[in-house]
Protein chains: 2
Amino acid sequence: MRLVIVGGVAAGTKAASRARRLDPGMEITVYQEEPEPSISECGLPYFLSGIVENRERLVARTPEKFAQKDIDVLVRHRVEKIDASAKKLIVHDLNAGKTFEDAYDRLVVATGARAALPPIPGVDLEGVLELRFLTDADRIRSYVEKYSPEKATIVGGGYIGLEVAENLCGLGMEVSLIEGEDRVALDYGPEVSEKVEAELASHGVNIFTGEKVDVFTGEGCVRGVKFGGTELATDLVIVGVGIKPNVELVSEAGAEIGTTGAILVDKHMKTSIPDVWAAGDCVETTDLTSGEPAWVPLGDTANQMGRVAGTNVATGEDTLEFTGTLGTGIFKVFDLGVGKTGLSERAAADAGFETASASLSAYDRAGYYPGAQRVFLKLIADRATGRLLGAEAAGSSSDKLIDICATALWGRLSYPDLVNIDLAYAPPYGPALSPVIQAATILSGEFERAKEGVRATE
Amino acid sequence: MRLVIVGGVAAGTKAASRARRLDPGMEITVYQEEPEPSISECGLPYFLSGIVENRERLVARTPEKFAQKDIDVLVRHRVEKIDASAKKLIVHDLNAGKTFEDAYDRLVVATGARAALPPIPGVDLEGVLELRFLTDADRIRSYVEKYSPEKATIVGGGYIGLEVAENLCGLGMEVSLIEGEDRVALDYGPEVSEKVEAELASHGVNIFTGEKVDVFTGEGCVRGVKFGGTELATDLVIVGVGIKPNVELVSEAGAEIGTTGAILVDKHMKTSIPDVWAAGDCVETTDLTSGEPAWVPLGDTANQMGRVAGTNVATGEDTLEFTGTLGTGIFKVFDLGVGKTGLSERAAADAGFETASASLSAYDRAGYYPGAQRVFLKLIADRATGRLLGAEAAGSSSDKLIDICATALWGRLSYPDLVNIDLAYAPPYGPALSPVIQAATILSGEFERAKEGVRATE
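Residues numbered from 1 in each chain as written. Chains lettered and ligands numbered in written order. Predicted model: local features only at pLDDT ≥ 70, side-chain atom pairs only at ≥ 80, totals over all residues. Heavy atoms only, no water.

## Brief notes about the overall build of chain A
Line of reasoning, step 1. Per the secondary structure count, chain A includes 12 helices and 25 strands.
Line of reasoning, step 2. Surface summary for chain A: the accessible area is close to 17800 Å², and the carbon and sulfur share equals 47%.
Line of reasoning, step 3. In chain A, 45 positive and 68 negative side-chain charges are present, and the distance between their average locations comes to 4 Å. (Helix = DSSP H or I, 4+ residues; strand = E, 2+ residues; numbered from the N terminus. Areas by Shrake-Rupley, 256 points an atom, 1.4 Å probe, with all protein chains shown as cover. Lys, Arg positive; Asp, Glu negative; His and termini not counted. Charge placed at Lys NZ, Arg CZ, Asp CG, Glu CD.)

## What about the packing of aromatic side chains?
Line of reasoning, step 1. Going through the model one piece at a time under the given rule, you end up with 14 aromatic pairs over all chains.
Line of reasoning, step 2. Pairing A:Y369 with B:Y46 gives two aromatic rings, centres 5.1 Å apart and planes at 85°, and the pair type is edge-to-face. With A:Y369 in the loop between β23 (355-363) and β24 (374-382) and B:Y46 in helix α2 (residues 44-49), this pair bridges two chains. Of the two residues, A:Y369 and B:Y46, neither departs from the other in class, the shared state being buried.
Line of reasoning, step 3. Taken together, the ring pairs connect A:Y159, A:Y188 and A:F331 into an aromatic cluster.
Line of reasoning, step 4. The positively charged end of B:R61 is found above the aromatic ring belonging to B:F66, 5.3 Å away from the centroid.
Line of reasoning, step 5. Seen from the ring of B:F47, B:R141 lies directly overhead, with NZ or CZ sitting 4.2 Å from the centre. (Phe/Tyr/Trp six-rings, centres within 6.5 Å; stacked < 30°, edge-to-face > 60°. Buried < 20%, exposed > 50% of the residue type's maximum accessible area, 1.4 Å probe, protein only. Lys NZ or Arg CZ within 6 Å of the ring centre and 35° of its normal.)

## A word on the relation of the copies chain B and chain A
Line of reasoning, step 1. Once chain B has been moved 0.0 Å along the axis and rotated by 180°, it coincides with chain A to within an RMSD of 0.0 Å. This pairing of chains is accounted for by a two-fold axis. (Least-squares fit on C-alpha atoms with pLDDT ≥ 70 in both.)

## A few points about the sheet that holds strand β9 (residues 128-130) of chain B
All names here are of chain B.
Line of reasoning, step 1. Reading across the sheet, the five strands line up as β9-β16-β10-β11-β12 and stay open at both edges, with parallel pairing between neighbours. Here the strands that pair on one side only, and so sit at the sheet edges, are β9 and β12 (206-209). Averaged over all pairs of adjacent strands, the angle between strand axes in this sheet comes to 20°, irrespective of strand direction.
Line of reasoning, step 2. Sheet analysis places strand β10 (residues 151-155) next to strand β11 (residues 174-179), joined by five bridges and oriented parallel. Pairing of K151 across the sheet is with E174, part of β11.
Line of reasoning, step 3. Against the sheet, helix α5 (residues 159-170) engages β10, β11 and β16 (236-239), with an angle of about 165° to β11. (Pairing = 2+ DSSP bridges. Axes fitted to C-alpha atoms, helices over the stretch in contact; angles between N-to-C directions. Contact = heavy atoms within 4.5 Å.)

## Some details on empty space enclosed by the protein
Line of reasoning, step 1. For the structure shown, the criterion picks out four cavities of 30 Å³ or more.
Line of reasoning, step 2. Taken as a whole, the largest cavity spans an internal volume of roughly 90 Å³.
Line of reasoning, step 3. Residues that form the lining of the largest cavity fall into these classes: nine nonpolar, three polar and four charged.
Line of reasoning, step 4. As a volume, the second largest cavity reaches approximately 80 Å³.
Line of reasoning, step 5. A:D403, B:D364, B:S397, B:K400, B:L401, B:L423, B:A424, B:Y429, B:G430, B:P431, B:S434 and B:P435 are the residues that line the second largest cavity.
Line of reasoning, step 6. Grouping the amino acids of the lining of the second largest cavity by side-chain chemistry returns six nonpolar, three polar and three charged. (1 Å grid on protein atoms, 1.4 Å probe; cavity = no way out; pocket = protein on both sides within 12 Å on 5 of 7 lines; lining within 4 Å. Points joined across faces, edges and corners; volume = space filled by probe spheres on them. Nonpolar A, V, L, I, M, F, W, Y, C, P; charged D, E, K, R; others polar.)

## Regarding helix α8 (residues 299-315) of chain A
Residues and elements named next belong to chain A.
Line of reasoning, step 1. The end-to-end C-alpha separation of α8 is 24 Å, in line with the 24 Å expected for 17 residues at 1.5 Å each.
Line of reasoning, step 2. Most of α8 sits out of view: 15 of its 17 residues are buried.
Line of reasoning, step 3. Of the residues flanking the end of α8, it is G316, one or two places downstream, whose phi is positive at about 70°. (Expected span 1.5 Å × (residues − 1).)

## Considerations on the interface of chain B and chain A
Line of reasoning, step 1. Across the contact, 61 residues belong to chain B and 61 residues belong to chain A.
Line of reasoning, step 2. In total, about 5400 Å² of surface goes out of reach between chain B and chain A, with carbon and sulfur atoms giving 60% of it.
Line of reasoning, step 3. Inspection of the chain B/chain A interface yields six salt bridges.
Line of reasoning, step 4. Measuring nitrogen to oxygen at the nearest pair gives 4.0 Å for the salt bridge that ties A:D403 to B:K400.
Line of reasoning, step 5. If you look at where chain B meets chain A, you find 24 residue pairs in polar contact (both at pLDDT 80 or more). (Buried area = accessible area lost by both parts, 1.4 Å probe. Salt bridge = Lys/Arg side-chain N within 4 Å of Asp/Glu carboxyl O. Polar contact = N/O pair within 3.5 Å; in protein donor to acceptor, adjacent residues only side chain to side chain.)

## What about the sheet that holds strand β2 (residues 27-32) of chain B?
Residue and element names in this part refer to chain B.
Line of reasoning, step 1. Spatially, the five strands line up as an open sheet ordered β3-β2-β1-β7-β18, and their pairing is parallel. Two strands lie at the open edges of the sheet, namely β3 (71-75) and β18 (276-278), each paired on one side alone. Averaged over all adjacent pairs, the angle separating strand axes in this sheet is 20°, with direction ignored.
Line of reasoning, step 2. Where strand β1 (residues 2-6) meets β2, five bridges bridge the pair, whose relative direction is parallel. In the sheet register, I5 faces β2, and the bridge partner there is V30.
Line of reasoning, step 3. Across the face of the sheet, helix α8 (residues 299-315) comes into contact with β1, β7 (106-109) and β18 while running at roughly 170° to β7.

## Focus: the confidence of the model for chain A
Line of reasoning, step 1. Per-residue confidence for chain A averages 96 on the pLDDT scale, and 99% of its residues sit at or above 70.
Line of reasoning, step 2. Of the two predicted TM-score estimates for the complex, the pTM is 0.97 and the ipTM is 0.96. (pLDDT = per-residue confidence, 0-100.)

## Some remarks on the packing of helix α10 (residues 398-410) of chain A against helix α10 (residues 398-410) of chain B
Line of reasoning, step 1. It is at 8 Å that the axes of α10(A) and α10(B) come closest, and there the two elements cross at 15°. One finds that α10(A) runs roughly parallel with respect to α10(B). In the packing of α10(A) onto α10(B), the handedness of the crossing is right-handed. Contact residues: A:D399, A:K400, A:D403, A:I404, A:T407 and A:A408 in α10(A); B:D399, B:K400, B:D403, B:I404, B:T407 and B:A408 in α10(B).
Line of reasoning, step 2. Classifying every residue of the contact of α10(A) with α10(B) gives four nonpolar, two polar and six charged. (Parallel < 35°, antiparallel > 145°, perpendicular 65-115°, else oblique. Left-handed = near helix turned anticlockwise from the far one by under 90°.)

## Points about the environment of A:A16
All names here are of chain A.
Line of reasoning, step 1. Within the fold, A16 resides in helix α1 (residues 10-22).
Line of reasoning, step 2. Looking at A16, the relative accessible area reads 0%, which means it is buried.
Line of reasoning, step 3. For the pair A16 and K65, spaced 49 residues apart in sequence, the C-alpha separation works out to 12 Å.
Line of reasoning, step 4. Every residue in contact with A16, bar those within four places of it in the chain, is listed here: I5, I28, V30 and I71.

## Describing the pattern of salt bridges
Residue and element names in this part refer to chain A.
Line of reasoning, step 1. Enumeration according to the criterion identifies 52 salt bridges over all chains in this entry.
Line of reasoning, step 2. Ionic pairing is found between K267 and E321, a salt bridge with its closest N-O pair at 3.6 Å. Placement of K267 in the loop between α7 (248-252) and β18 (276-278) and of E321 in the loop between α8 and β21 (329-333) is noted, with a sequence separation of 54 residues between them.
Line of reasoning, step 3. One salt-bridge network, held together by shared partners, links R2, E27 and D102.

## Let's talk about the nonpolar core
Line of reasoning, step 1. A:L379 and B:L379 are the most contacted members of the largest nonpolar core, which totals 74 residues.
Line of reasoning, step 2. In contact with B:L379, not counting residues within four places along its chain, are B:A356, B:S357, B:A358, B:L388, B:G390, B:A391, B:C405, B:V436, B:A439, B:A440 and B:L443. (Core = buried A, V, L, I, M, F, W, Y, C linked by side-chain atoms within 4.5 Å.)

## Quick look at unusual backbone geometry
Line of reasoning, step 1. One non-glycine residue with positive phi stands out, namely A:R412, at about 55°.
Line of reasoning, step 2. By the element assignment, A:R412 lies in the loop between α10 and α11 (415-419).

What follows is the structure in structure tokens.
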């Protein structure tokens, strides 16, 4: 039995390892276009600034390590074509510059996603860079070493743009951030965006929201960014305006693509092509809160999907399921931790929910305990049923609060369940009642008042 | 309508505030024996060492503050008798030294718990102290100021004993800890006890387990502790061998007492006496994991019960419910955070479960991110159904991991639910897969192997 896996980052390598564990006799080959497999892509912003010093630490496992488990990882190999009826592949060896044919019994597609570079004039200038792969990070570091840029511009105010902003500031650059919409961190409500912008500003980042870049200027190297009638001098541009799934390979092989533009798979990670599974940033999944198709390209989710795909491809049966995600995410921007799970108010409205919400600013530990800091928390519930739909947090311990809420969403809990929930309390770790409990209690008052309002008008 | 509340710490004051909010016209009096109401008792260990410097910060609300909300808080008033048929009380004013009668329409009993001082000879010596109330903390601080003790002995290796150990070390004392059982932190499994003992030892605490104190020696002030044939010189003793609920007042009034020895209440916090509710450390509740009666005297739970009692006493109806607890708890001992939720393996066995468990040592963030530290996590599941029964954690981020597991228990999730749960990941906040997910995955392997074992023997 020959298993071929296309793509060797999170989902691909996880699927390979899992398949090997379940089936010691399987022949397993992983093709990876980039020169290193098993990269921790989420760590790349911290490698730019040297917060993560050791490049090797970002490579979770080398081809040599995989070889010890009898997994053949071929890097700098691009799979160019899948012939699903013949179960064959055309593979291009980028080192040797030659193309060869391979065959599979079962196939896992883990082709990931790529940065979506916008068609802005000047985007090809030297110094206009993106950050998706370790090779991108190497390129940025080389550029910084060679030209010692003093002014950097980041295009895009999402996760990557915000993390890169922090890390370029850490290198001593004067950083500007340009976002096309009217605020950064659009997956969140406006209160969180405001806190993120305040955090950026307090660290000297110049923020331009509601601005679209018209052109990057310069000769050879980038020297400026023009937008809205002004020109900003810059020595380096990092574009982080989004990514898109790599679906062309399987799409051309006849696989169905979902409404989000990512590969359609069932909950066993099977594509519409027999004997072809897919996992990771290239596939569509389900948002468990709304029940709608969703594309959530995140490393942890890719890992979990990879485990399911690897199990099922090894057994050849529908052994494990991956039912969907909550869109849980977190990022750090300077000293502010910002996280979310489930639906924002806007996403909930888009999904047809009428919502109630409660926000508060609470302490992260007992107010009298040294070092107590504030954290913002918002809970969003379904007005009709009381079910928790989402949560957003910004500030100290936001990772904990979001994980509590994600677990509550996972268990489909409602706000009354959270009023008396038994969480861990001691003065160094939280206020007597967790901010989650406090917010649920406020929400419960909100529902009571609404009920009284109805009663009063009846 | 006159509401009287007996006891003004967490549950009593919460009930008062909640009743006032719901019923602006109610007459509300709180009797409190100690000189201050609304004390954060969990903060007391940190007041000993000066980590919490400001004594006033431990008093969440003064009688003057309550007066602003038209709640009459009478401190240094001990309620000595309840005549439930006449709805009358005998109250002793400790300042004036006189006794008077009061009447109620509705009554909330929040008499809390008291330290259980063991009948050891010499326990009455000066310098043999306990830590339950703010007045106890004052007494310890005065003693320390007056005699500058160099050697301190703590009797009891539970939460309080461990927290006090840290704080007396912080004052520069040489600290010994004596525990009657064979290990400290008995609510936890042996792995956690071992970590706690190692943490104590690494900070110079002398630990004596499996030892019972025979006698405290000295004349006037304590000078030694005798146990197991040896005598330890000591200048100060803090006894923390447990607490017991204050039930005598309502018991004598005819209220039923539960099997745990605490006051029996229904889920609306009603006692067996008409128009008498009870809440906080004096009442029995239900362990939601085992379904058994439980006595869990903790500040956060008392707060939640107080809210339920205060609501129901104000409406006179069964408006809110408090269904029970998970026994979630956390404490800090030096640099180690230790938490639990649900049942330990021993408690699960006592409750009749056959268990499966998985333990691991994981990083608290991405391994390559600076400052990554280890955390121990154990998950305990029901062998028959896979339902999560409990979790224990020790180390960095244990508060987060325990709160995730507590929420999972609250939602009655099973280990397979935790394998693909969507938690928040970014390198500064966790490893790609949360230790909870990692442990659930190990547990799932454990269940798979057991199934294969059954199949193999069939």
